[in-house]
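Observations on chain architecture
Here is how the chains run, residue by residue.
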Amino acid sequence: MKAARYFEQRLVHSVLLLIVTSMAIFGTSQLAPGSFVDEMRLNPQISPQTMQALRMQFGVDQPLPTRYFRWLRSAAMGDFGYSLAYNLPVAKLLWSRLRNTLLLGTTAMLVAWTAALLLGSWSTLRSGKLADRTVSAISAFLLSTPELALALLAILLAARFRILPAGGMTSINTAKNSWAAAADVSRHLILPMSVLALTAFPVLFRHVRAAMLEVWNSSFVHAARGHGISDARLLVRHAVPAALSPMISLFGFSVAALVSGSFLVEVVTAWPGIGPLFLEAIYARDLHLVVAVVMLFTAFLILANLTADLLLYAADPRVRSEC
Amino acid sequence: MAVCPSTRALLEVSDLTVSYNCNPEVRPVVDKLSFEIREGEVLGIQGRSGSGKTTAALALLKLLPNAARVSGSALFREHDLLKMNNLQLRRIRGREISIIYQEPVLALNPVMRIGDQIVEVLRAHTEHTSQERRQCAEHMLASVRLNPSRFYYAYPHELSGGEKHRAVLAQALACHPALVIADEPTAGLDGALRTGILDLIDGLRHECGTAFLLISHDANVTSRLADRTICLSQHEGSGKFAGKTGQPSSFIPEMPPQCNAKPLIAVRSLNKSYRSRGLFRRRHAEKRALDSVNLSLPAGSLVALVGPSGSGKSTLARCLTLLEEVDSGEIYLNQKNLLGLSAREKRDLRPLLQYVPQDPAGALNPRLSAGDAVSEPLVIQRRGTARERRMQAELLMCQVGLDPGAANRSCDEFSGGQKQRLAIARALALRPKLLVFDESLSGLDSTTEHELLQLIRDLKHKLGVTQLLISHDAEMVSAIADSIAVMEDGTISRHESTAKIAANPEHWIAEHARDPMVFKLLMLTETE
């Protein structure tokens, strides 16, 4: 009962937070000079009269609160404003891009988490030995390598050896049947996904290893070993459940990174996700689109933390009794 | 039916030596320990903290970290435990020899149900079906007098201290081992619970004919249960490092005890409550920790503050040392009210009010060397050069009876009592006017406790520091305190000098005989 009330409360907080975020973005966007229409001044074919008319039409000349409440109404109706650059409701534009981003982010996270869990546990068992030190050194190297450098290196290798497509999501001569199309997308997916997984892996690995190592050296694992329980059983049945709590909190963050983490990789590898869309929207001063994307990032972060809290509640009996 | 200890040796340990260092000059933690246990016998191993009792027990089952060098032999039913490989050992551990760890709180997996933890042991050693294992676990819980229907599904944090001890016992006995190594099985339990556990062990031992290796620093525990007791002295096992506990008194400048009646620190109607707050609701719950407390500590005196746990002793200590904000009231240091002061002014006063925490292990950074830990307050207050601070640290270590040569050792390498000495040295570094010991002597064995009490008394005489000694054990502190304040439910119910109590004990008995704690204290002063 108490827990239900707690999560109910969290939900209310989340909605409030989203509203405050949207206000903040609207407010800060005011600090940047220029608007979508101002960009048109560079084009000599558009007359100042047309621009004035467009300003009136788009409502750019209205005061900030008016614009904000107009946007809020549109958001409530599910459109999340209107993209001036694309001439479409923002929601429509966003959903198709979000699908691509989620495809990339989810596969990358799956790969990174699997690798981190397996290698993290393995490193724990071999802690201090050569294997552990090697994996730790590799993770340290990856951690200190900028995502951009990794992406560029991957593109370079792909282009040089022609094993993988170096960018985009589909080939020009799009395949006929759906199976071939899926295979084509998968081939395109490998490169950005690997880059993303490689950048996410070291952080996850280090956290998993630290959490596992702490539990592995804890008294209760020693005690269980003293009762003659085998190492394999100790790891799976005793250590992993006890080390779950910090990993779940981290899982929350990585879910949040599903949409916002692949920004750079998408831009560099021309993956048609939210990243390139966001960048173009900023260049074009397409305010509603910018606000919607930032809101999406925030929403995912909140959602991810809520999920992590729920999972934590399910995984740790101590949290359950505290709630 | 009592099972007589048979004559056959179950475990024969000879020349067991454990060291962490290949340097022959450093004395091994356990040095040539030899003993034997017969079937069904209870052998007590007694020794003060740091004498290597636990290390010896863990060495038998090869549960020590890899860095430990173990030599000698331990024949269990004619097989040498120390020469076994991991697989052989795994079959012995839990099935033939099981171990009860010192801290049941730490030995139980926090995210696993109690029943499942017993089942895990059975699963490792028996061919039972899951149904049989379950029944077996329920039976074990019942045999340690824990109701299976309630405790099978309970998590460790839902159990009280005594119940955890029982659960750990059930886990150790699940496979009916021939020998149980019980490391301080009653540590941290008070009178009634301790007797309960000891009775239980005694009963189970007679019922199942299990031999016990009973490790304890408490002679009462070993003498009650053990058929035979061996003492681990400094000859067989030595502390984590052999620190000098004698007093190199030449270092300490003698100061006459100050006998002015002026209070150094006094508190008037101090109130403090803890409340938990929600975001939407103002107040969820309020707990009154201090309820208009009045207390004054004469300069240079040693005042003991006793009372049951939860009576607000620690809160008072933390408020006195400005570690916690009070709700209302006044704290005077040399007639100056501390509560109206700004954060900066308080910071200047903090060196004068030092706090020695309950758990020195938690309060010392294990990564620092002893010398660094002691001189850290000087670094924070920017006093002296590095060299001066170093000398000061060594001097302080001398003052509290530690070997200054050990200043380079990591804090981790000291035993419990030595860590407490380090914590005291650190508190003395800033030359405080007031030292508050918050249960600083609990959890230590009686010899160490006694030595520390002596140290505290010497500090009073030699340095003239005003001291507040908080304890739940009135008997212990009454021996050295000038006066005793009793705290109950957040208020000081009485505060009288030990001399006065001793002068008229009958009056006190008449007035406070219902309180067992005060009664105990009076019995003591009377006998003196």
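Above this note sits the structure.
A brief look at the structure comes next. If you're wondering where the values come from, they're calculated on a predicted model, not measured in any experiment. (Residues numbered from 1 in each chain as written. Chains lettered and ligands numbered in written order. Predicted model: local features only at pLDDT ≥ 70, side-chain atom pairs only at ≥ 80, totals over all residues. Heavy atoms only, no water.)

1. Notes on the interface of chain B and chain A
The interface of chain B with chain A comprises 27 residues on the first partner and 23 residues on the second. Taking both partners together, chain B and chain A bury about 2300 Å²; carbon and sulfur atoms supply 60% of that area. At the junction of chain B with chain A, the criterion picks out 3 salt bridges. Two residues, Arg233 of chain A and Glu120 of chain B, come together in a salt bridge whose shortest N-O distance is 2.5 Å. Scanning the region where chain B abuts chain A turns up 6 residue pairs in polar contact (both at pLDDT 80 or more). (Contact = heavy atoms within 4.5 Å. Buried area = accessible area lost by both parts, 1.4 Å probe. Salt bridge = Lys/Arg side-chain N within 4 Å of Asp/Glu carboxyl O. Polar contact = N/O pair within 3.5 Å; in protein donor to acceptor, adjacent residues only side chain to side chain.)

2. Description of the pattern of salt bridges
One pass over the full model with this rule turns up 23 salt bridges over all chains. Across the pair Asp309 of chain A and Arg10 of chain A runs a salt bridge, and its minimum N-O distance is 2.2 Å. On the criterion of sequence distance, the pair formed by Asp309 of chain A in helix α12 (residues 287-315) and Arg10 of chain A in helix α1 (residues 2-31) is long-range, its members being 299 residues apart. Notably, a salt bridge pairs Arg38 of chain B with Glu41 of chain B, separated by 3.5 Å at the nearest N-O pair. You can call Glu41 of chain B buried: its relative accessible area is 1%. Salt bridges sharing partners connect three or more residues here, namely Arg233 and Arg237 of chain A together with Asp116 and Glu120 of chain B. (Helix = DSSP H or I, 4+ residues; strand = E, 2+ residues; numbered from the N terminus. Buried < 20%, exposed > 50% of the residue type's maximum accessible area, 1.4 Å probe, protein only.)

3. Remarks on the side chain of Lys164 of chain B
Residue and element names in this part refer to chain B. Relative to the assigned elements, Lys164 resides in helix α7 (residues 161-173). Despite its burial, Lys164 pairs with no opposite charge, the nearest such side chain being Glu163 at 8.1 Å. Among all residues touching Lys164, those that are not within four sequence positions of it are Pro104, Val105, Leu108, Pro156 and Leu159. (Lys, Arg positive; Asp, Glu negative; His and termini not counted.)

4. A word on the packing of helix α4 (residues 90-125) of chain A against α12 of chain A
Helix-helix packing: each pair is described by the crossing angle between the helix axes and the interaxial distance. Residues and elements named next belong to chain A. Across the interface, α4 lies against α12 with an axial gap of 11 Å and an inter-helix angle of 45°. On the basis of the axis angle, α4 is oblique to α12. You can see that α4 and α12 cross each other, and the crossing is right-handed. Contacts between α4 and α12 involve Val90, Leu93, Leu94, Leu98 and Leu102 from the first element and His288, Leu289, Ala292, Val293, Leu296 and Phe300 from the second. Considering only residue class, the contact of α4 with α12 consists of 10 nonpolar, 1 polar and no charged. (Axes fitted to C-alpha atoms, helices over the stretch in contact; angles between N-to-C directions. Parallel < 35°, antiparallel > 145°, perpendicular 65-115°, else oblique. Left-handed = near helix turned anticlockwise from the far one by under 90°. Nonpolar A, V, L, I, M, F, W, Y, C, P; charged D, E, K, R; others polar.)

5. Focus: the side chain of Glu439 of chain B
Along the polypeptide, Glu439 of chain B turns up in the loop between β16 (434-438) and α16 (446-463). What Glu439 of chain B contacts, discounting residues up to four positions off in sequence, is Lys313, Gln358, Ile470, Ser471 and His472 of chain B.

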